[in-house]
Amino acid sequence: MAGCVTRVELSVSCRSLLDRDLGSRSDPLCVLLQAVGAGQWAEVDRTERIKNCQNPEFCKKLVVDYYFEKVQKLKFGVYDIDNKSFDLNDDDYLGGIECTLGQVVSSSVFTRPLELKQGKPAGKGTITISAEEIKDTRVVYLEIEARNLDKKDFLGKSDPFLEFHKQSDAGTWQLVYRSEVIKNNLNPSWKKFSVPLQTFCGGDFNKPIKVQCADHDSNGSHDLIGTFETNLTELQKAGDSSPMEFECIHPEKKQKKKSYKNSGIIRIKSCKIETEYSFLDYVMGGCQINFTVGVDFTGSNGDPRSPDSLHYISPDGKNEYLIAIWSVGSVVQDYDTDKLFPAFGFGAQIPPSWQVSHEFALNFNPSNPYCQGIQGIVDAYRQILPQIRLYGPTNFSPIINHVARFAAHSAQQGTASQYFVLLIITDGEITDLDQTRQAIVNASKLPMSIIIVGVGEADFQAMEFLDGDNGVLKSLTGEPAARDIVQFVPFRQFKNAPREALSQMVLAEVPKQLVSYYKWQGWPPVKAPGVKTV
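Residues numbered from 1 in each chain as written. Predicted model: local features only at pLDDT ≥ 70, side-chain atom pairs only at ≥ 80, totals over all residues. Heavy atoms only, no water.

So what about the packing of aromatic side chains? Which residues, and what values?
For the structure shown, the criterion picks out 19 aromatic pairs. Each ring, one from Tyr177 and one from Phe193, has its centre 3.8 Å from the other, and the planes form 5 degrees; the classification is stacked. Taken as a pair, Tyr177 in strand β11 (residues 173-178) and Phe193 in strand β12 (residues 193-196) lie far apart in primary sequence, 16 residues in all. Of the two residues, Tyr177 and Phe193, neither departs from the other in class, the shared state being buried. Ring centres of Phe291 and Phe341 lie 5.7 Å apart, and the angle between their planes is 80 degrees; on these two criteria the pair is classed as edge-to-face. Here the residue Phe291 occupies a position in strand β17 (residues 288-296), and Phe341 occupies one in strand β18 (residues 340-346), the gap between them amounting to 50 residues. Residue Phe291 shares its accessibility class with Phe341, and that shared class is buried. When the ring centre of Phe86 is taken as reference, the NZ or CZ atom of Arg46 above it lies at 3.7 Å. Here Arg389 stacks its cationic end above the ring of Trp354, 3.9 Å away from the centre of that ring. (Phe/Tyr/Trp six-rings, centres within 6.5 Å; stacked < 30°, edge-to-face > 60°. Helix = DSSP H or I, 4+ residues; strand = E, 2+ residues; numbered from the N terminus. Buried < 20%, exposed > 50% of the residue type's maximum accessible area, 1.4 Å probe, protein only. Lys NZ or Arg CZ within 6 Å of the ring centre and 35° of its normal.)

Shown next, in the form of structure tokens:
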């Protein structure tokens, strides 16, 4: 495993973006992609969308692991978002740039003209990126309300929102957080929010913080209600029983009116600092990742003896099933100390009774389905292929529920010691979609992730549906998944790519999914790290 030198946080702003909306300005969002080989790009992160703005300063930072020993090609794309879908293909492209992470981190401020395509500028649009190393894993949690804010709207009350800015070493103010807008309310209470300590104040508790309260206007011309300055040391004095209060001052009103008191009171109800753990904290703290494989042996794959079957092993000893097992397994096995991997098949008739089974051990040993290393899985697969009859239907839920039973047992220990990754390799013709949806929703509350690799040329619509990227997956009864645990990748996109491209794409989500589970449970690493300076 390549050692991640550090994580960097990228701040992005743009100037003079193209206007794609009729009658109003664009609503931009910036997405960050990283090259994973063979012309393929994987999304790393994206900013928030800012409405009606040609010169956005994005509040959400883009976080990326920085490897000194790799050339990390990055692509920044700016899109005008006019709908709720996660997919960017249906949004207007406002321009982008390609560069390397090395170029960004070695420049204090990196500004480039945006291009619609190579050599074609996107009007006068530019993008500016600055990088900061994340040295601190602590997070500031704040709860804030206000009362008696000034009324700014002619017909209604104000629509207030907050912005927090930290003072840079050069004395300029940099946006670190923007709250949601609360409509028509002079006594708003904003949602509890968190900002990494490094982002909030660079780890310096006495660094000046400027808080602005403004009235939101949909055309982008927000009116200042008032402002005040503080620092984290002051904010921390806020306790449950004794909130900190600050007068919200409008500088021009204060100058004009002698009798001016303030434009409202901002109350900090609570300010807490907690540690946020990373994937590596959990792994280095003793979390084992248990890898299980499920192989689709249904009839739609074709007769394994026929060269057009997906299970046909070519003269060089390969097929898509074997390549997927190797490429994903070779990465995951590093995180499992015993290197014993349970491997199952589903959808075949198995001897001696020739009953259809939806979870049979590849080594035909149900009481001990473990294979020694990835090579053990490959050997078991090759041996079983001539001994079974491909049949159907294609049921995923039994094998998901099988792994979920182990994950549930592990979760009862209440520690971050075991996480489960299930790799299902399939030709995509799923039969028990409703039961599988329920199984995934149940599993989303457990320490497990599911990776589905689709082989062959089938229509993988059902798989795309299970991968909750286009919205939260729900069970038939409407119960939503507690978190997104499914990653689907069609093998055909990686046919000619180097082996590591498939595993990088497939495993990209697992660290986030593992951390999100343990954070949700409030479980620290088994062996907590010391104070880290990455």
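Summarise the domain arrangement of the chain; cite the residues concerned and give the values.
Partitioning the chain into domains gives domain 1 (6-134), domain 2 (138-275) and domain 3 (288-412 + 420-510). In this structure, domain 1 and domain 2 have C-alpha centres spaced 28 Å apart. If you look at the interface, domain 1 gives twelve residues, while domain 2 gives eleven residues. Summed over both sides, the interface between domain 1 and domain 2 buries roughly 930 Å², with carbon and sulfur atoms accounting for 39% of that surface. Seen at the junction of domain 1 and domain 2, the total is two salt bridges. Where Arg178 meets Glu48, a salt bridge forms, and the shortest distance between an N and an O atom there is 3.3 Å. Among the secondary structure elements, those contributing two or more residues to the side of domain 1 that touches domain 2 are β1 (6-15) and β8 (120-133). (Domains from an automatic or database assignment. Contact = heavy atoms within 4.5 Å. Buried area = accessible area lost by both parts, 1.4 Å probe. Salt bridge = Lys/Arg side-chain N within 4 Å of Asp/Glu carboxyl O.)

A description of the pairing of β18 should follow, citing residues and the corresponding values.
For β18, the buried fraction is high: six of the seven residues fall into the buried class. Bridge analysis of β17 against β18 gives four bridges, and the strand direction is parallel. Its bridge partner lying in β18, Val293 is registered against Ala343. In the classification by handedness, the crossover that spans β17, the intervening helix α6 (residues 320-332) and the parallel β18 is right-handed. With three bridges joining them, β18 and strand β22 (residues 370-372) adopt antiparallel strand pairing. Across the sheet, Pro342 pairs through a bridge with Tyr370, a residue of β22. Pairing between β18 and strand β21 (residues 360-361): two bridges, direction antiparallel. Residue pairing for β21: Phe344 is matched across the bridge by Ala361. (Pairing = 2+ DSSP bridges. Right-handed = clockwise from strand over helix to strand, strands pointing away.)

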